Amino acid sequence: MYEVGAMTALEERLNGSGAGFDIYVGCSAGSVVASLLASGIRASEVYHILEEDLDDPLNFRRGGLFAGDAFRLACTRFGRFVWAISKHVLRGGRCLPDVLARAERELPAGFFTLAALERFMRIGLASRGSSNSFGDLARTLLIPAVDLNTAERVVFGADALASVPISDAIAASSAIPGFFDPYMIDGRDYVDGGVGFCGHADLAAEAGADVVFVVNPLVPHRPADGVSVRARGVYTIMEQAGRIYSQNLLQLGMGSLAVKYPRTEFHLLQPSGDTTLRLGPSMGFEASRTALRFGYTSTRAWLDAQGAPLVRSLAQAPPVPVRLSSTAEEAAVSDVHAPGETEPGGCYCSQTLICSVEGWKPVRRRCRSSSGDPETTMTRSVPSA
């Protein structure tokens, strides 16, 4: 939701000027936004649908992620989990790690499935006359996920995975381990693209982005009401831990990207360090709508100040459409860059979204919703001779 608000603010500021983005990279929840934008659906249209809660196939209501029988299935699987543990305890198990080891094959792979999300995206794209195929898009769309068995990052929309339907790629990149089942495509199990990664801005840089814009809403909560995070229970504690891990990983990654891609300029937009716990759990639907509005208002303020250079760059970008060549596609997957190859710009969502344009190439990166005043971390480098 935050990403939709942020992208709407940018669309409004540009007011049709500039060439737009050539590459979209979406990870996890960000893959939903990236796929809509890459399909030519404006962020402002999605914002209006969500803000007004319109009866529209693109309105991401609870049924979009959790089907009608989702909680019945979850309760059944939770019962299976409890029974598997209890059975081994009754058989004499007294040490929890030993009990878990013995019950390993009897535990569920997750508590929810992503069938409803895949269906939501398939129907939503069709409702706008958009294709569910990467190859039919006018812009390049890349959706990273992680192969559960090989522990390697894969990129849907590139190389051999370009033939996977967009809706399936989104489901695979959104499979939060433990919460959702791993998503199977052609016999392979995939999990959330954010596992071990917080941002895939390197995909845009490899494809040729000169300017990378990273939008990261996934920052740790700072409770403002004096209530400890601990008092909010295990769910909030786990989410807070994930946010801390994610932000630290992002900071390390941004530093390494500046060294690896000295010709690329990286911009980072994220809530400031005094962010308060106003938006609630990131998966809550009411909190998501708050994040929608916050993403819009805070990004407008950011574009007036730290983001002004980005606006000027995008407004001046030449209207040159870019598609990844087979060489660039290979580079995006294998992390090998062809010498002398020009790089298009990109946008990244995740909770990440990346966009780019030829000449000036912005990459936008996002993560889950959070709150607070935005701040910018910008890495600039002077191209070598």
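Residues numbered from 1 in each chain as written. Predicted model: local features only at pLDDT ≥ 70, side-chain atom pairs only at ≥ 80, totals over all residues. Heavy atoms only, no water.

Peer 1: How should the packing of helix α2 (residues 30-38) against helix α6 (residues 115-127) be read in this particular structure?
Peer 2: Two quantities define a packed helix pair, namely the angle between the axes and the distance from one axis to the other. Packing of α2 against α6 leaves a shortest axis separation of 11 Å and a crossing angle of 15°. What the angle tells us is that α2 and α6 run roughly parallel. In the crossing of α2 with α6, the sense of the turn from one axis to the other is right-handed. In this structure, α2 uses Val32, Ser35 and Leu36 to contact α6, whose residues at the interface are Leu117, Met121 and Leu125. Of the residues contributing to the contact of α2 with α6, the split by class is five nonpolar, one polar and no charged. (Axes fitted to C-alpha atoms, helices over the stretch in contact; angles between N-to-C directions. Helix = DSSP H or I, 4+ residues; strand = E, 2+ residues; numbered from the N terminus. Parallel < 35°, antiparallel > 145°, perpendicular 65-115°, else oblique. Left-handed = near helix turned anticlockwise from the far one by under 90°. Contact = heavy atoms within 4.5 Å. Nonpolar A, V, L, I, M, F, W, Y, C, P; charged D, E, K, R; others polar.)

Peer 1: Could you clarify how one ought to interpret the packing of aromatic side chains in this entry?
Peer 2: The geometry of an aromatic ring pair comes down to the distance between the two centres and the angle between the two planes. The tally for this structure, following the rule as stated, stands at ten aromatic pairs. Aromatic side chains Tyr47 and Tyr296 sit 5.5 Å apart centroid to centroid with 50° between the ring planes, which places their arrangement in the tilted category. Taken together, the residues span a long stretch of sequence, with Tyr47 in helix α3 (residues 43-51) and Tyr296 in helix α10 (residues 285-304) at a distance of 249 residues. Of the two residues examined, Tyr47 and Tyr296, each falls in the buried class. Among the aromatic residues, those joined into a ring-pair cluster are Phe78, Phe81 and Phe111. (Phe/Tyr/Trp six-rings, centres within 6.5 Å; stacked < 30°, edge-to-face > 60°. Buried < 20%, exposed > 50% of the residue type's maximum accessible area, 1.4 Å probe, protein only.)

Peer 1: So what exactly am I meant to see when it comes to the pattern of salt bridges here?
Peer 2: Pairs can form between side chains of opposite charge whenever their charged atoms are close. Tallying each qualifying case throughout the model produces 13 salt bridges. When the shortest N-O distance is used, the salt bridge between Lys87 and Glu106 registers 2.3 Å. A residue pair is termed long-range when its members are at least 10 positions apart, and Lys87 in helix α4 (residues 70-90) and Glu106 in the loop between α5 (96-102) and α6 qualify at 19 residues. Its relative accessible area of 25% is what places Glu106 among the partly exposed residues. What you see here is one network of salt bridges that share partners, running through Glu45, Asp56 and Arg128. (Salt bridge = Lys/Arg side-chain N within 4 Å of Asp/Glu carboxyl O.)

Peer 1: Would you explain a nonpolar patch on the surface in this entry?
Peer 2: There is a patch of nonpolar side chains on the surface, built from Val234, Tyr235 and Met238 and spanning about 330 Å² of accessible area. Summarising the element assignment, Val234 is placed in helix α9 (residues 234-260). We classify Val234 as exposed; its relative accessible area is 59%. (Patch = residues over 30% accessible without salt bridge, like charges linked within 9 Å, V, L, I, M, F, W, Y side chains within 5 Å. Areas by Shrake-Rupley, 256 points an atom, 1.4 Å probe, with all protein chains shown as cover.)

Peer 1: I keep staring at helix α7 (residues 166-173) and nothing clicks. Help me out?
Peer 2: For an α-helix, the turn length of 3.6 residues means that residues three or four places apart are oriented alike. Of all eight residues in α7, eight are buried; the element is thus mostly enclosed. When we look at burial in α7, the residues that qualify are Ile166, Ser167, Asp168, Ala169, Ile170, Ala171, Ala172 and Ser173.

Peer 1: How should empty space enclosed by the protein be read in this particular structure?
Peer 2: Where empty space is left becomes clear once a probe the size of a water molecule has been rolled over the atoms. Going through the model one piece at a time under the given rule, you end up with two cavities of 30 Å³ or more. Lining the second largest cavity, in full, are Val4, Val33, Leu36, Leu37, Ile41, Ala43 and Val46. Within the residue set of the lining of the second largest cavity, elements represented by two or more residues are α2 and α3. Of the residues assigned to the lining of the second largest cavity, the class counts are seven nonpolar, no polar and no charged. (1 Å grid on protein atoms, 1.4 Å probe; cavity = no way out; pocket = protein on both sides within 12 Å on 5 of 7 lines; lining within 4 Å. Points joined across faces, edges and corners; volume = space filled by probe spheres on them.)

Peer 1: When you look at the packing of helix α1 (residues 2-14) against α3 in this model, what are you seeing that I'm missing?
Peer 2: Close contact between α1 and α3 brings their axes to 8 Å; oriented N to C, the two are set at 130°. Viewed along their axes, α1 and α3 adopt a mutual orientation that is oblique. For the crossing formed where α1 meets α3, the hand is left-handed. Two secondary-structure elements touch here, α1 through Val4, Gly5, Met7, Thr8 and Glu11 and α3 through Ala43, Ser44, Val46, Tyr47 and Leu50. Taken together, the residues of the contact of α1 with α3 break down into six nonpolar, three polar and one charged.

Peer 1: When you look at unusual backbone geometry in this model, what are you seeing that I'm missing?
Peer 2: Negative phi characterises most residues that are not glycine, and trans characterises most peptide bonds. Positioned with a positive phi, Asp53 is a non-glycine residue whose angle comes to about 50°. If you trace the backbone, Asp53 turns up in the loop between α3 and α4.

Peer 1: Where do I start with the nonpolar core in this structure?
Peer 2: By size, the foremost hydrophobic cluster in this structure holds 64 residues, and its most contacted members are Leu117, Met121, Leu141, Ile143, Phe156 and Ile166. Ala201, Ala204, Leu250 and Phe266 belong to the second-largest nonpolar core, a separate cluster that totals twelve residues. (Core = buried A, V, L, I, M, F, W, Y, C linked by side-chain atoms within 4.5 Å.)

Peer 1: In this structure, what is going on with α3? I would like to understand it.
Peer 2: Those residues of α3 that sit buried are Ala43, Val46, Tyr47, Ile49 and Leu50. Mapping the buried residues of α3 onto a view down its axis gives an arc of 165°, with all of them on the same face. One or two steps after α3, the chain reaches Asp53, where phi turns positive at roughly 50°. (Arc of directions from axis to C-beta.)

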